[in-house]
Amino acid sequence: MTIQNGTGVRLRLLATAALALMGGEGARAQSATDLDEIVVETASPIVGEAQGPDPQRDRQGVLPVAPHVFAPVTILPRDEIARRGPTTLGGALADKPGVASTGFAPGAADRPIIRGLEGQRVRILENGLGVHDVSALGEDHGVPFNPLSADRIEVIRGPATLRYGSSAIGGVVNAENDRIPRFAPPGGFSAEALAGLSSVDRGRSIAAAVKAGHGDILFHADGFATKNGNYDTPDGQQANSAARSTGASVGMSAVTDEGFLGVSYSHYDAFYHVPGGEAAELDTRLDPRQDKVQLEGERRFDGGPFEAVRFWANASSYRHREMGLEHEEHDHGDHDHHDDHDHAGEDVVHGVFRNREAEARVELQHRPVALSFGALKGAFGIQAGQGRLRTTGEAETLIAPTDSRTLAAYVFEEVDFGAGWRVQGAGRIERARVDGTETIFPGLVPGGGDPVSRGRVRDFTPVSGSLGVLKDLPHGFVASLTAQYVERAPSGLELFSRGPHHAQGLFEIGDPNLKIEAAKSIEFGLRRAGGPLRLDASAYATRFDGFIYRRLTGIGCGHEFESCGEEDEFDQSVYSQRKARFYGAEFAAQFDAIEAGPNVFGVEGQYDFVRAKFTSGENAPRIPPHRLGGGVFWRSQHGFFARVGLLHAFAQDKTGALETRTPGYDDLRAEVSYTREFDRAATRLSSVTVGLVGQNLLDERIRNAASFKKDEIVAPGANARAFVRARF
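Rules and cut-offs
- Residues numbered from 1 in each chain as written.
- Predicted model: local features only at pLDDT ≥ 70, side-chain atom pairs only at ≥ 80, totals over all residues.
- Heavy atoms only, no water.
- Helix = DSSP H or I, 4+ residues; strand = E, 2+ residues; numbered from the N terminus.
- Buried < 20%, exposed > 50% of the residue type's maximum accessible area, 1.4 Å probe, protein only.
- Contact = heavy atoms within 4.5 Å.
- Areas by Shrake-Rupley, 256 points an atom, 1.4 Å probe, with all protein chains shown as cover.
- Salt bridge = Lys/Arg side-chain N within 4 Å of Asp/Glu carboxyl O.
- Core = buried A, V, L, I, M, F, W, Y, C linked by side-chain atoms within 4.5 Å.
- pLDDT = per-residue confidence, 0-100.
- Patch = residues over 30% accessible without salt bridge, like charges linked within 9 Å, V, L, I, M, F, W, Y side chains within 5 Å.
- Disulfide = S-S within 2.5 Å.

Visitor: What am I meant to see in the overall build of the protein here?
Guide: Within the protein one finds 9 helices and 36 strands. Residue burial in the protein is summarised as follows: out of 728 residues, 58% are buried. Excluding contacts between residues fewer than 6 apart, the proportion of contacts in the protein whose partners are at least 24 apart in sequence is 70%. Looking at the protein as shown, the accessible area adds up to about 26500 Å², and 58% of this sits on carbon and sulfur atoms.

So this is what it looks like as structure tokens:
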């Protein structure tokens, strides 16, 4: 028997309740004329009864806001992914309120930054479990996931992030797809094909997905391929910025009235160049590859204390090489690396990173309990993970082989007091172990002796908790006040790094004695889901005790510690801890100003900022600037959609030590598209969308204030992307 909509309960770790509210599978089958979504969801494990499609969600361009708000969640829907054609998660999300990107290698290695926090503090997931890569070990490492294979991308911030591990202290980015199918497509079969061309980098992309159902068995398959050359900037072509990637997945599941069980296998393969400075001169290139198996299942009960038990598990094998010219043989002229080149024996493999990881989560949802003061509902679960990082060549001089293990338990409960008052609480306790090689340096420069290396095991027990109060207000507004205390265990790189990282141009020194990082936060939110005005606003403040950061010392190093203070090939950085304060705000809104027959004309706006300082008064390094944006849109029931908007980033002069000022910029964007619906029963074709999207149309010189390479790398200039999308 095929599972339908809410009865199938497509539980996603980030937003299960909201999915039911928005109609499950139907929520993703929106028109390509939809505007960007900014969705506020409960981020809770509680799944209610099946509900029909949300009427607000069915209106094109509406910002859907789930009524039971626990934490802000920004959604990048499939339609926007299809229009913009991003090749990295950072690039896909960089203009969303509260989100920026590392911009180390635009279009290839570009991780999201959430509220000024990056790297080890931002956990990247696929269908609720870790992607299992090494992108948090260095900004030059790409995430082995292409947005073209996602149905939607979710960014969750605030208190609910503690459900996903101590490394999610900054936020979570979760890519959702149907690689493990849970719902039968209408008529037993559905498919999609997408193709695009971009002008700024001569890029081309293609993606396709197929889903079918027969009886109780569902099947899924998808694949993608992208390729681009060096991209253009207002200063000319950005050398060594070409990239390509391919990937595919197959999956199947068996469904019954009581639940489902599914498995999928995926493969990812990419090859990209690293632009900027010596990396471009040495023709630095990386070739990440990953194979992954994922499992997921659910069993629902008719009686007893529990409503359902669910599990998720995955295992992966990842590897990438860092290649380039010999250090002694490169010249400093300009190179045009539009494609791969055979350097006739000049190429070497500088280092190799290999990572094998496995992760599993089991969750029990209990039945509602009637208490004297309200109804209690919730869930609790356990999570375990194990990783083995292996390095060779220069990668081993950065960090020796390292093993890590985690075991955690968590709980989430909600009490509904009535009269529009709700209280939600969550807690997590985790046991983390890191087994590696510590290196004790005599100082920042030679003179006090030689570095000493030895094996070291560090054990940590982070404990976290959060509490939120929610109140329904007149005219459809919902207010929330949440507080959280979150602890994060230091990562292997922060503890045990010990040498040069060629692609980043850094000589990194870890601190094997780092303590747990703790953060105390408070956040206020105001949201409105219905009517012509929709908005999502948050303001927050966080105090860190033992904030771990990478401090540039101003000392240059070569490949060995003995060269520090004498050579300048690498900038020396030292992992350190200090007290710090972060505060900021995020705002996004849409207003349907004029409704004329089948046409709606409206305005939209956004604003976000984050301010980060150490308690000594110094600025934290590489913080995104204030941003203010707005625009106008038109959508028609006849399938037309158009939008023009401008996002202004202010100059960032609140810089950290040894960091340069970043000028502001204006990013003008415009898009137009047309969707033609068809009678699927007669033509086997559901719809076709064609469109044109323009980015940075003023051809502004854009530098990323949060990037280590902002003085060497300019973001892509004016770009036009043409795309076509067909659904069957």
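Visitor: Just to check I follow, could you spell out the pattern of salt bridges for this structure?
Guide: Where side chains of opposite charge bring their charged atoms close, a pairing between them can arise. Scanning the entire structure with this criterion turns up 52 salt bridges. Between E414 and K377 there is a salt bridge; the shortest N-O distance is 3.8 Å. Separated by 37 residues along the polypeptide, E414 in strand β21 (residues 402–418) and K377 in strand β20 (residues 374–393) bring together distant segments of the chain. Its relative accessible area of 4% is what places E414 among the buried residues. With its nearest N and O atoms 3.1 Å apart, the salt bridge here joins R488 to E494.

Visitor: Before we go on, may I ask you to explain the nonpolar core in this structure?
Guide: Where a protein is soluble and globular, its nonpolar side chains tend to be buried together. With 26 residues, the main nonpolar core has L89, L93, I153 and V173 as its most contacted residues. With 3 residues, helix α5 (residues 89–93) is the single largest residue contributor to this core. The contact partners of V173, leaving out residues within four places of it in the chain, are L89, L93, P112, I114, V122, R123, I124, L125, I153, E154 and V155.

Visitor: Could you clarify how one ought to interpret the confidence of the model for the protein in this entry?
Guide: Atomic detail in the predicted coordinates should be set aside for any region of low pLDDT. Scored by pLDDT, the protein has a mean of 86; 87% of the residues are at 70 or more. Under a pLDDT of 50 for its full length, residues 47–62 has, in the predicted model, 46 contacts with residues more than four places off or in other chains.

Visitor: Just to check I follow, could you spell out a nonpolar patch on the surface for this structure?
Guide: Together, F219, V250, M252, V263, Y265, V293 and L295 give the surface a local cluster of nonpolar side chains, amounting to about 550 Å² of exposed area. Residue assignment for the nonpolar patch shows that the elements contributing at least two residues are β14 (243–256), β15 (259–273) and β17 (289–300). Relative to the elements of secondary structure, F219 occurs in strand β11 (residues 217–228). For F219, a relative accessible area of 39% translates into the label partly exposed.

Visitor: Would you mind showing me how to read the state of the cysteines here?
Guide: Applying the stated rule across the entire model yields 1 disulfide. The residue that forms a disulfide with C557 is C564, at a sulfur-sulfur distance of 2.1 Å. On the S-S bond that ties C557 to C564, the torsion sits near 110 degrees, and the link is right-handed. Residues C557 and C564 agree in their burial class; the two are buried.

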